[in-house]
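The residues making up each chain are set out below.
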Amino acid sequence: MTRQRRPPFAAIAALHQSAPFASLIVISGPQAWSEARNWRGQAVILPPGEAPEGFNWGVVRESRHAFVIDTGERAEVLQRLGRCLIHAGAVHVAINSRLHGFAAFKAKGVAHAA
């Protein structure tokens with residue numbers, strides 16, 4: 001088994017998660033690198049063509065919430081990314097995709113807010 005690596009910009013993004021109610025921003029899809037420039041180090045990247053399972057998403061534990069901005073990744077990869085983020089400690093994951101619309105995941109045992 002190969003060792004998982006941290007996603008690009010994970011160390012910098014972790015610094016921005018100390019604010020109350022901060023979410024981890026994850027950018028995916030073919031334009032992920034150029035989109036990340038707009039976030040000035042506040043987002044991590046799932047590099048285009050890479051499997052989400054190849055990364056250690058533990059940086060999400062700091063905020064417990066993840067918001068994925070997708071620039072055109074396949075739906076199947078986005079679902080796997082959502083599961084990886086939940087498995088790494090996210091309580092909620094929201095995905096906003098240019099191709100597939102909006103999706104949300106939550107960890108088992110987490111009640112919806114009233």
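Bear in mind that the values here come from a model prediction, so they are computed numbers and not experimental data.

J.: How should the overall build of the protein chain be read in this particular structure?
T.: Along its length, the protein chain carries 3 helices and 5 strands. Counting helices and strands in the order they occur from the N terminus, the protein chain gives α-β-α-β-β-α-β-β. A burial count over the protein chain gives 43% of its 114 residues as buried. Residue pairs at least 24 apart in sequence account for 64% of intrachain contacts in the protein chain once pairs closer than 6 positions are excluded. For the protein chain, the accessible area works out to roughly 6,800 Å², and carbon and sulfur atoms hold 55% of it.

J.: Help me understand helix H3 (residues 75-87) in this model?
T.: Count 3.6 residues to each turn of an α-helix, and residues three or four apart come out pointing the same way. Between the first and last C-alpha of H3 there are 18 Å, a value that for 13 residues agrees with the 18 Å anticipated at 1.5 Å per step. Among all positions of H3, only Val77, Leu78, Arg80, Leu81, Gly82, Cys84 and Leu85 are buried. On its buried face, H3 sits against strand S1 (24-28), strand S3 (65-70), strand S4 (92-97) and strand S5 (101-106).

J.: I would appreciate a short explanation of the side chain of Ser97 in the present structure.
T.: Considering the arrangement of structural elements, one finds Ser97 in strand S4. Ser97 gets classed as buried once you look at its relative accessible area, which sits at 6%. A distance of 2.7 Å separates a polar atom in the side chain of Ser97 from a polar atom in the side chain of Asp70. Beyond its immediate chain neighbours, meaning those up to four positions away, Ser97 contacts Asp70 and Leu78.

J.: Would you mind showing me how to read the side chain of Glu35 here?
T.: By the secondary structure assignment, Glu35 is in helix H2 (residues 32-36). With near-sequence residues (within four places) excluded, Glu35 lies in contact with Ile27, Ile69, Thr71 and Arg98.

J.: Would you explain the sheet that holds S1 in this entry?
T.: Sheets are built from strands paired through backbone hydrogen bonds, the pairs being either parallel or antiparallel. If you walk across this open sheet you meet the 5 strands as S2-S1-S3-S4-S5, and the pairing is mixed. Edge strands, defined here as strands with exactly one partner in the open sheet, are strand S2 (43-45) and S5. Here the strands of the sheet are splayed against their neighbours by 20° on average, with no regard to which way each runs. Looking at chain direction, S1 and S3 are connected through 5 bridges and run parallel.

Conventions used here
Residues numbered from 1 in each chain as written. Predicted model: local features only at pLDDT ≥ 70, side-chain atom pairs only at ≥ 80, totals over all residues. Heavy atoms only, no water. Helix = DSSP H or I, 4+ residues; strand = E, 2+ residues; numbered from the N terminus. Buried < 20%, exposed > 50% of the residue type's maximum accessible area, 1.4 Å probe, protein only. Contact = heavy atoms within 4.5 Å. Areas by Shrake-Rupley, 256 points an atom, 1.4 Å probe, with all protein chains shown as cover. Expected span 1.5 Å × (residues − 1). Polar contact = N/O pair within 3.5 Å; in protein donor to acceptor, adjacent residues only side chain to side chain. Pairing = 2+ DSSP bridges. Axes fitted to C-alpha atoms, helices over the stretch in contact; angles between N-to-C directions.

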